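# Breakdown of the fold
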Amino acid sequence: MIRIGIDVGGTNTDAVVMDGERVVAGVKSPTTSDVMSGVVNALRAVLDAARMAPEAVNYVMIGTTHFTNAVVQRRDLAPTAAIRLGLPATASLPPMVDWPDDLRDVIGNHWWLAHGGNEFDGREISPLNEDELNGIAAEIRAKGIRTVAISSVFSPVAGEHEKRAGEIIAKALPEADITLSSDIGRIGLLERENAAIMNACLRDLSRHVIEAFRNAIAGVGIKGRFYLTQNDGTLMDAALAEKYPVLTFASGPTNSMRGAAFLSGVKDAIVVDIGGTTSDLGSLQKGFPRQASIAVEVGGVRTNFRMPDVFSVGLGGGSLVVETESGVTVGPRSVGYRITEEALIFGGKILTTSDIAVAEGGVDLGDKTKVAHLKADIVKAARSRMTEILEDSVERSRLSPDPLPVIVVGGGSILVDGPLAGLETIKPDHFAVANAVGAAIAQVSGDTDRVYSLAEMSRDAALADAKAKATEAAIAAGADPASIEIVDVEDVPLAYLPGNATRVRVKAVGNLNG
Amino acid sequence: MTKTRTIHAADLEDIATGGAILGTGGGGDPYIGKLMAQEAIRKHGPVTLVDVDTLADDALVVPVCMMGAPTVMAEKLPQGDELMNAFSALQKLLGRKIDAIHCCEAGGINSTTPFIVAAASGLPLVDGDGMGRAYPELQMVTFTMHGISATPMVLCDDKGNSIVLETVSNKWTEKLARAATVEMGGAALLAFYPMTGAQAKKATVRGTLSLCEKLGQTLRQAHADHVEPVGRVAEVLRADTIFSGRVTDIERRTVGGFARGTARLEGLDEFRGQTFRLDFQNEFLMAERDGEIVATTPDLLTVLDSETGNPVTADALRYGLRLKALVFPCDPQWLSPQGIDLVGPRYFGYDIDYRPYQFRATPA
């Protein structure tokens, strides 16, 4: 099986060709401002390096920070309508109440509270009102808004109102993209609604991005299937990704940690992924990223996604090194993807961390004569500050005093010149493209989400049945049965329903077969 | 300690964090209450937090709170006027002006709800509460031990309904109010336990809202300083760490409107090879290590994320989380025979007597 993994980062677009478990070739090429020509360049370069015909490629897996960055940088976000069903309840805290002002302003702060929604036991809070929703649709149309997020109280256990409202709005606004909160989130109204609204405001962008990825892949002659990686390290096909761009959030750190584990063969470690602008640190447990235990914020918005617990620090290969009166500072400002024009070693005028690494002599990059003039004390001071930032971050990411190894990956890995914090420090082969390797080896998943009556079977039997069904679903999605693991089990009792009903959700993941 | 302080919207962040720690696993995520209190303070101005001793003996003091299942509160947010409706209706019923707002439960969402009414009414809020933590039933307050009646009480829902209760005992108030709460959709807001300043001075567990704030500050500071946070929090609480491990199973069921369940953990660090079981009925009530009971209510059990020190509620317990369990001493009022009757293990259906946890940490 031939797979191509691509990671589209802020600075570089990385690509690898893998033949089964073997990395055949890996390349880095600059991310372009239009992103897509960068992807085409990377695909061509990696096929070339692997001496591989495009027809031989079975799968292309893409990890992209595009959608996260759009939210973080508040760009390319569509004006969005948020409709919440729940009146008279929930009026105390309207949609987007806990959002940063600038993000709320960018998408327009358009929200409507409507009747509907359910109590915890399935009763209606109030009946759904078709006229009210049609009135809201008319206002949405008048404002020229084309993407809508609908949330409804208790929709994860009673989704009828949300679905019905979606149909009503779709009928009134046939051109609108509609996101239902129960499709992407769990219990916890604000967090689920936040995720739905973010998804909705990314739909315009996702249509363009997915289309552009599709064209880029077809343009180089690849006919294999194409997937995007999501935050839990598993794959979604392109059609699903277009509908649920929000599920790609945090896939980057997941890919780099999974790639680091794969390349190093080490399953428990601290991973330091050094890019152009930042370093992301996280911890690997049994080959998977440790999950954050609290609500994770994306661009300042609280969500209840399961996300890897990642700590970011402003140090990368393009970080600015500045001499000040009080000493040498490093980062957090960076030349980013312009490093190949602006860093001294590439003929530019700006002193960066990469220039320091080259000046020290251990790294062969660019033109080292361009940094020969740097004073030794500046180089030494910058190095000591870089080491200090990295060691401090590693210490933060340690979960125990146990001497775990540190795996250093990413294009900025050249900044690391020895053991960090006294720990064994590994730079695996292909370290620079670990992200892309992580995308290439991303797994497929199978989910079940069913209500069991515990009057008829024991909880253990219900869980076993749900696990078996999730496993079957993963196999149907193409997972190798021997590789399947249950990664998530959640059972939520539905109170006051006859027969002690409980909703069980299980996720199984496995390696793509072949 | 200063007798009077001003609480601004930003201060609610620390109070809510501390409230979650004192929530001992339950009491609801203070997040929703915090947002509502911040909205109220932005609209009406800051809240004056006062020491209970500053109250006149004949002052009229009224606690307000939210009642119901935490999962419901995080999903069905309040309409917004319920608490002020309950407050105003009770004031009218009592036929005199209320002088100060009180807190019944400094743990969980109710560490923040009194700020909503204090801001909206402009009345001072007593720095203290009736539990020093969170408990699941409304008679489980120190006020009950001092003979203060929970009624007259007013209970309001999101739809505009309100119920006035007059009962023969606080246990009856709990039963009737609970039934009404379930009918109201699993969560309701109320004003109750009207008391005099003199009664409040005797019954209040003092300084607990300030303690919430201090716990929140401690955690925030530990994050800023990059130091191990669980130990810092334990120091403030005078708590012992009784387990460190990873969640391997969670069983949940809802009984009579309460989220009940059991979490099982496998040991890590110095507890490697040991197992741990946490029983919760909204709050963490009993802890067993290797099959031996180590701590029970009314001693306080709280669970923090091993690395970040952030409190983890029973609701938020998930497979795979790494946690540390702390036990810390309850307010001495709970150790009286009456206190043990109200909140001891037997009340919650555990067939064991309360045995005080022997704290290693020396009291400050």
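This is a predicted model, so every value here is computed, not measured.

## Remarks on the overall build of chain B
Secondary structure summary: chain B contains 11 helices and 18 strands in total. Here the C-alpha radius of gyration of chain B, 19 Å, is about what a compact globule of 364 residues would show, namely 21 Å. Projected onto the principal axes, the alpha-carbon positions of chain B cover approximately 60 × 45 × 35 Å. Here chain B holds 364 residues, and the buried ones make up 61% of them.

## So, the overall build of chain A
Helices and strands together make up the secondary structure of chain A, namely 14 helices and 23 strands. In summary, chain A has a C-alpha radius of gyration of 24 Å against a globular reference of 24 Å for 514 residues, a match within 12%. Expressed along its principal axes, the backbone C-alpha trace of chain A runs to roughly 75 × 50 × 50 Å. Counting only residues that meet the buried cut, chain A has 53% of its 514 residues in that class. Within chain A, contacts between residues separated by at least 24 positions form 68% of all contacts whose residues are at least 6 apart in sequence.

## Some details on the sheet that holds strand S7 (residues 147–152) of chain A
Residue and element names in this part refer to chain A. Spatially, S6-S5-S7-S8 is the arrangement adopted by the 4 strands of the open sheet, whose pairing is parallel. Of all the strands in the sheet, just strand S6 (110–115) and strand S8 (177–180) have a single pairing partner and so form its edges. On average, each strand axis in the sheet is inclined to that of its neighbour by 20°, with strand direction left out of account. Against the sheet, helix H5 (residues 160–172) contacts strand S5 (80–87), S7 and S8, and its axis sits at roughly 155° relative to S7.

## Side note on the interface of chain A and chain B
Reports of interface size often rely on the accessible area that becomes lost once the parts have come together. Opposite the 32 residues of chain A that make contact, chain B presents 34 residues. Residue assignment for the side of chain A that touches chain B shows that the elements contributing at least two residues are helix H12 (376–397) and strand S22 (485–493) of chain A. For the side of chain A that touches chain B, the element with the most residues is S22 of chain A, which contributes 5 residues. Of the residues that constitute the side of chain A that touches chain B, the class distribution is 17 nonpolar, 8 polar and 7 charged.

## What about the domain arrangement of chain A?
Here chain A is partitioned into domain 1 (80–201) and domain 2 (444–510). Summarising the inter-unit geometry, the C-alpha centres of domain 1 of chain A and domain 2 of chain A are found 28 Å apart.

## Digging into unusual backbone geometry
With an omega of -5°, the peptide bond running from Gly-331 of chain A to Pro-332 of chain A counts as cis. By the secondary structure assignment, Pro-332 of chain A is in strand S18 (residues 327–334). The peptide bond linking Thr-297 of chain B to Pro-298 of chain B adopts the cis configuration, its omega dihedral lying at 5°. With a phi angle near 50°, Arg-51 of chain A is a residue other than glycine that sits in the positive phi range.

## Focus on the domain arrangement of chain B
Residue and element names in this part refer to chain B. Each assigned domain of chain B is listed here: domain 1 (4–208) and domain 2 (229–348). One C-alpha centre belongs to domain 1, the other to domain 2, and the line joining them spans 25 Å. Going through the elements one at a time, helix H1 (12–22), helix H3 (70–75), helix H6 (142–145) and helix H7 (170–183) are the ones with two or more residues in the side of domain 1 that touches domain 2. Residues that form the side of domain 1 that touches domain 2 fall into these classes: 11 nonpolar, 12 polar and 3 charged.

## So, the environment of Trp-99 of chain A
Residue and element names in this part refer to chain A. Here Trp-99 shows up in the loop between S5 and helix H3 (101–107). With 200 residues separating them in the primary sequence, Trp-99 and Gly-299 have C-alpha atoms 9.0 Å apart. Sequence-distant contacts of Trp-99, defined by excluding residues within four places in its chain, comprise Arg-104, Gly-300 and Val-301.

## Concerning the pairing of strand S2 (residues 12–19) of chain A
Residues and elements named next belong to chain A. Taking burial as the measure, the 8 residues of S2 include 7 buried ones, the bulk of the element. Summarising the sheet, strand S1 (residues 2–8) and S2 pair through 7 bridges and their orientation is antiparallel. Looking across to S2, one finds that Ile-6 is bridged to Ala-15. In textbook terms, the turn of a hairpin is the stretch between consecutive antiparallel strands, and for S1 and S2 this stretch comprises 3 residues. As judged from the 8 bridges shared by S2 and strand S3 (residues 22–30), these two strands associate in the antiparallel manner. Bridge assignment links Thr-13 to a residue of S3, and that residue is Ser-29.

## Some details on helix H4 (residues 130–142) of chain A
Residue and element names in this part refer to chain A. Taking 1.5 Å of rise per residue, 13 residues should cover 18 Å, and H4 covers 18 Å from first to last C-alpha, within 8% of that figure. By the burial criterion, the buried members of H4 are Leu-133, Ile-136, Ala-137 and Ile-140. Buried residues of H4, seen end-on, are gathered within an arc of 105° and therefore sit on one face of the element. In H4, the exposed residues that point more than 90 degrees away from the buried face are Asp-131, Ala-138, Glu-139 and Ala-142. For H4, the secondary structure elements touched by its buried residues are S5, S6, S7 and H5.

## A short note on the packing of H1 of chain B against helix H2 (residues 30–44) of chain B
Residue and element names in this part refer to chain B. Packing of H1 against H2 brings their axes to within 9 Å, and their N-to-C directions diverge by 155°. By the angle between their directions, the pair H1 and H2 is classed as roughly antiparallel. Note that H1 runs across H2; the crossing there is right-handed. Across the interface between the two elements, Leu-12, Ala-16, Gly-19 and Ala-20 of H1 pack against Pro-30, Tyr-31, Lys-34, Ala-37 and Gln-38 of H2. Each residue belonging to the contact of H1 with H2 can be placed in one class, and the counts come to 6 nonpolar, 2 polar and 1 charged.

## Concerning the sheet that holds strand S9 (residues 225–229) of chain A
Residue and element names in this part refer to chain A. On the basis of which strands lie adjacent, the open sheet formed by 6 strands has the order S3-S2-S1-S4-S9-S10 and mixed pairing. Where the open sheet ends on each side, the last strands, each with one partner, are S3 and strand S10 (235–237). Averaged over all adjacent pairs, the angle separating strand axes in this sheet is 25°, with direction ignored. As defined by bridge partners, strand S4 (residues 59–64) adjoins S9 across 4 bridges and the pair is classed as parallel. Residue pairing across strands places Tyr-59 opposite Arg-225, the latter belonging to S9. Contacting S1, S2 and S3, helix H1 (residues 36–50) runs over the sheet at an angle of about 145° to S3. Helix H9 (residues 251–264) rests against S1, S4 and S9 of the sheet, and its axis sits at about 120° to S4.

Cut-offs applied
Residues numbered from 1 in each chain as written. Chains lettered and ligands numbered in written order. Predicted model: local features only at pLDDT ≥ 70, side-chain atom pairs only at ≥ 80, totals over all residues. Helix = DSSP H or I, 4+ residues; strand = E, 2+ residues; numbered from the N terminus. Rg over C-alpha atoms; globule rule 2.2 N^0.38 Å. Buried ≥ 20, exposed ≤ 12 C-beta atoms within 10 Å, placed from the backbone. Contact = placed C-beta atoms within 7 Å. Pairing = 2+ DSSP bridges. Axes fitted to C-alpha atoms, helices over the stretch in contact; angles between N-to-C directions. Nonpolar A, V, L, I, M, F, W, Y, C, P; charged D, E, K, R; others polar. Domains from an automatic or database assignment. Expected span 1.5 Å × (residues − 1). Arc of directions from axis to C-beta. Parallel < 35°, antiparallel > 145°, perpendicular 65-115°, else oblique. Left-handed = near helix turned anticlockwise from the far one by under 90°.

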